[in-house]
Amino acid sequence: MFLARKVTLSKWEPKAGLSEGEISADALTSDLRTQNNSLSFWQCGVGNTDDVEEAVLAMAAGRDHVDKLDVVWLDDDELLADGQTLSNTKGRTPVHELVNLHVDVCRLDYVRLGRVARRVVSAIEEERFFRLRKSRVKAMLVKAVKQERVKLGDLKGNIQAEVQKSLDEGK
Amino acid sequence: MLLETHSSVGSTPSDFVPNFLPPMDPSSGSNYVIRWLDYGKESLATSSDIVSLQRATVELAYDLYLKRLSADATDTLWNAELFPMLVDEVCFAQVKPQQGEDQARERLSSALWAAFESEPLEDGMYHPAEQVIRDALQSTESELALEWLRELSLDAEHQTFSAEVLRCLARQEYPGSALWRTELVRDGLGMESAEIRDAAVQAAEWWGDRDLRDVLESHHEPIHWLRDYIREVIEDFGE
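Attention in this report is confined to the structure presented alongside it. Worth saying up front: this structure is predicted, and the values here are computed from it rather than measured. (Residues numbered from 1 in each chain as written. Chains lettered and ligands numbered in written order. Predicted model: local features only at pLDDT ≥ 70, side-chain atom pairs only at ≥ 80, totals over all residues. Heavy atoms only, no water.)

This part covers the sheet that holds strand E2 (residues 39-43) of chain A. All names here are of chain A. One open sheet holds the six strands; their spatial order is E4-E5-E2-E1-E3-E6, and the pairing between them is antiparallel. What marks the edges here is a single partner per strand, and that holds for strand E4 (85-88) and strand E6 (129-132). Between one strand axis and the next, the sheet turns by 35° as a mean value, whatever way the strands run. Where strand E1 (residues 2-7) meets E2, two bridges bridge the pair, whose relative direction is antiparallel. Looking across to E2, one finds that Leu3 is bridged to Gln43. The sheet strands contacting helix H2 (residues 49-61) are E1, E2, strand E3 (69-75) and E6, and the helix crosses E3 at an angle near 125°. (Pairing = 2+ DSSP bridges. Helix = DSSP H or I, 4+ residues; strand = E, 2+ residues; numbered from the N terminus. Axes fitted to C-alpha atoms, helices over the stretch in contact; angles between N-to-C directions. Contact = heavy atoms within 4.5 Å.)

This is the structure in structure tokens:
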């Protein structure tokens, strides 16, 4: 099974002043920012496009703006082999049916966080990532509202307005 | 700086009067200190006391100048007589406001640095820097703010910061003119930093100006995922 996490792809590109294979501290401190020594992931099945888009929907629906999203997905077996602790927790998303797809990688320390970073780098090298542009994210949210998977009123202000506009325009 | 000053000299006797001063005209409304600066402008200051006097007098002159302006005075000769070394009043308008502009730019930059240091910028999440930028764009210095934000967005020395500024700028509803936005995206795409180029494409996606399509189409992107993203954004322009 794979676990998806939102990142910012450009932060993981090689950086001037760092050697090949070195991971930018900016990438680590911004994209792998822990809370309570945990990192948030979403299950995405076998990592095919449909599964990953479900994870993206869960993430996007809980945000403030409709925006592009970059995600990578990591193999949970590899995370366990790294000594990580996985814990099923309820995710913060207004798409209720996806709440239970949430997983925390918890009990992270400096070393284990570094291992997660290495896995993110590997995932990008192995093309286990994609970017959904803003219009694509909006289309997913509109579709989810039309299918009554999420209530329009449960979306935050800016997203609600953008989705409503698209619904009014019949998109 | 209005006056060249040198402070690494000794103190001046209290009864010191430069021997190059012309006789003072009691009816001129002026005095030695001010007349002195007439010469001090051209000559090197000779003591730290002189430096202090020069600075104090310039401050005084500027205050008086502002009062005259606020009183809607039209007799600009008044200042020329009182402060002959400052006869070019345009100097005031250039010197003092320039200092104020530098401070305002510094305040904006510092506020943005502080915002990004306190909280990372995330896709889709509100960031306090958005409000800092919004306030700057709605201020009386909005035209200057556009220029400062442009500079801050294209600073190769601080590429992560620049990219974050540009991404927050992208979230503003049509800042500046269409031409300004187009040039900003074009210049952003020309940067070596992938983060800034990525932010420039995001700005194009957010703003969606027609002219940005040409800018995106003419860009040759070496990173494949960013190239794919550009292609998709261009497709959106066609819809």
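Next comes the rest of the description.
Next up on the list: the interface of chain B and chain A. The accessible area lost on association of the parts is a frequent measure of interface size. Across the boundary between the two partners, chain B contributes 29 residues, which contact 25 residues of chain A. Counting each side, the surface lost to burial between chain B and chain A is near 2400 Å², with a carbon and sulfur contribution of 49%. Three residues, B:Asp123, B:Trp206 and B:Trp225, lead the burial of chain B against chain A; their summed loss comes to 27% of the area buried on that side. Along the contact surface separating chain B from chain A lie ten salt bridges. The closest approach of N and O atoms between A:Arg63 and B:Glu122, which form a salt bridge, is 3.5 Å. The interface formed by chain B and chain A contains 20 residue pairs in polar contact (both at pLDDT 80 or more). Listed by contribution, the elements that provide at least two residues to the side of chain B that touches chain A are helix H7 (159-170), helix H9 (194-207) and helix H11 (224-237) of chain B. If one sorts the elements of the side of chain B that touches chain A by residue count, H11(B) sits on top with eight residues. Across the side of chain B that touches chain A, the residue classes break down as ten nonpolar, six polar and 13 charged. (Buried area = accessible area lost by both parts, 1.4 Å probe. Salt bridge = Lys/Arg side-chain N within 4 Å of Asp/Glu carboxyl O. Polar contact = N/O pair within 3.5 Å; in protein donor to acceptor, adjacent residues only side chain to side chain. Nonpolar A, V, L, I, M, F, W, Y, C, P; charged D, E, K, R; others polar.)

Once that is clear, we can look at the packing of helix H5 (residues 128-138) of chain B against H7(B). How two helices pack is summed up by the angle between their axes together with the distance between the axes. Residues and elements named next belong to chain B. Interaxial distance between H5 and H7 falls to 9 Å at its minimum, and their mutual angle equals 70°. Relative to H7, the element H5 lies roughly perpendicular. Considering the relative orientation of H5 and H7, their crossing is right-handed. For the pair H5 and H7, the contacting residues are Ala129, Glu130, Ile133 and Leu137 in the first and Val165, Cys168 and Leu169 in the second. Split into classes, the residues belonging to the contact of H5 with H7 amount to six nonpolar, no polar and one charged. (Parallel < 35°, antiparallel > 145°, perpendicular 65-115°, else oblique. Left-handed = near helix turned anticlockwise from the far one by under 90°.)

So, about the side chain of A:Asp76. Residue position: A:Asp76 is located in helix H3 (residues 76-81). With sequence-adjacent residues up to four places away left out, A:Asp76 is seen in contact with A:Met1, A:Leu3 and A:Leu86.

In total, this model carries one cavity of 30 Å³ or more according to the counting rule given. Estimated volume of the largest cavity: approximately 30 Å³. If you trace the largest cavity, you find it lined by A:Thr8, A:Ser10, B:Ala163, B:Arg167, B:Glu195, B:Asp198 and B:Gln202. Looking at the lining of the largest cavity, the elements that each hand over two or more residues are H7 and H9 of chain B. Looking at side-chain class alone, the lining of the largest cavity contains one nonpolar, three polar and three charged residues. (1 Å grid on protein atoms, 1.4 Å probe; cavity = no way out; pocket = protein on both sides within 12 Å on 5 of 7 lines; lining within 4 Å. Points joined across faces, edges and corners; volume = space filled by probe spheres on them.)

Right, let's get into unusual backbone geometry. In this structure, A:Glu148 is a non-glycine residue whose phi angle is positive, near 60°. As for its placement among the helices and strands, A:Glu148 is situated in the loop between helix H5 (134-146) and helix H6 (157-168). Residue classification places A:Glu148 among the exposed residues on the basis of a relative accessible area of 71%. Look at B:Tyr174: it is not a glycine, yet its phi comes out positive at around 50°. You can see B:Tyr174 is positioned in the loop between H7 and helix H8 (178-189). Its relative accessible area of 45% is what places B:Tyr174 among the partly exposed residues. (Buried < 20%, exposed > 50% of the residue type's maximum accessible area, 1.4 Å probe, protein only.)

Moving on: the layout of surface pockets. Here the largest pocket is characterised by a volume of approximately 1400 Å³. Of all the elements in the fold, those that place two or more residues in the lining of the largest pocket are H5 and H6 of chain A together with H5, helix H6 (142-153), H9 and H11 of chain B. Its residues assigned to classes, the lining of the largest pocket comprises 14 nonpolar, nine polar and 18 charged. In this structure, the second largest pocket spans a volume of roughly 900 Å³. Forming the walls of the second largest pocket are 28 residues, and the residues nearest its centre are A:Gln35, A:Ser40, A:Arg63, A:Arg92 and B:Glu122. Those elements that place two or more of their residues in the lining of the second largest pocket are E1, helix H1 (25-31), E2, H2 and strand E5 (102-106) of chain A. Residues of the lining of the second largest pocket, tallied by class, amount to seven nonpolar, nine polar and twelve charged.

Counting 69 residues, the largest nonpolar core has A:Val120, B:Leu112, B:Val185 and B:Leu216 as its most contacted members. If you tally residues by element for this core, the top one is H9(B), at nine residues. Dropping the residues within four chain positions of it, B:Leu112 is found in contact with B:Ala129, B:Val132, B:Ile133, B:Leu149, B:Leu152, B:Phe161 and B:Val165. Of all hydrophobic cores here, the second largest spans 31 residues; its members include A:Trp42, A:Cys44, A:Ala144 and A:Ile159. (Core = buried A, V, L, I, M, F, W, Y, C linked by side-chain atoms within 4.5 Å.)

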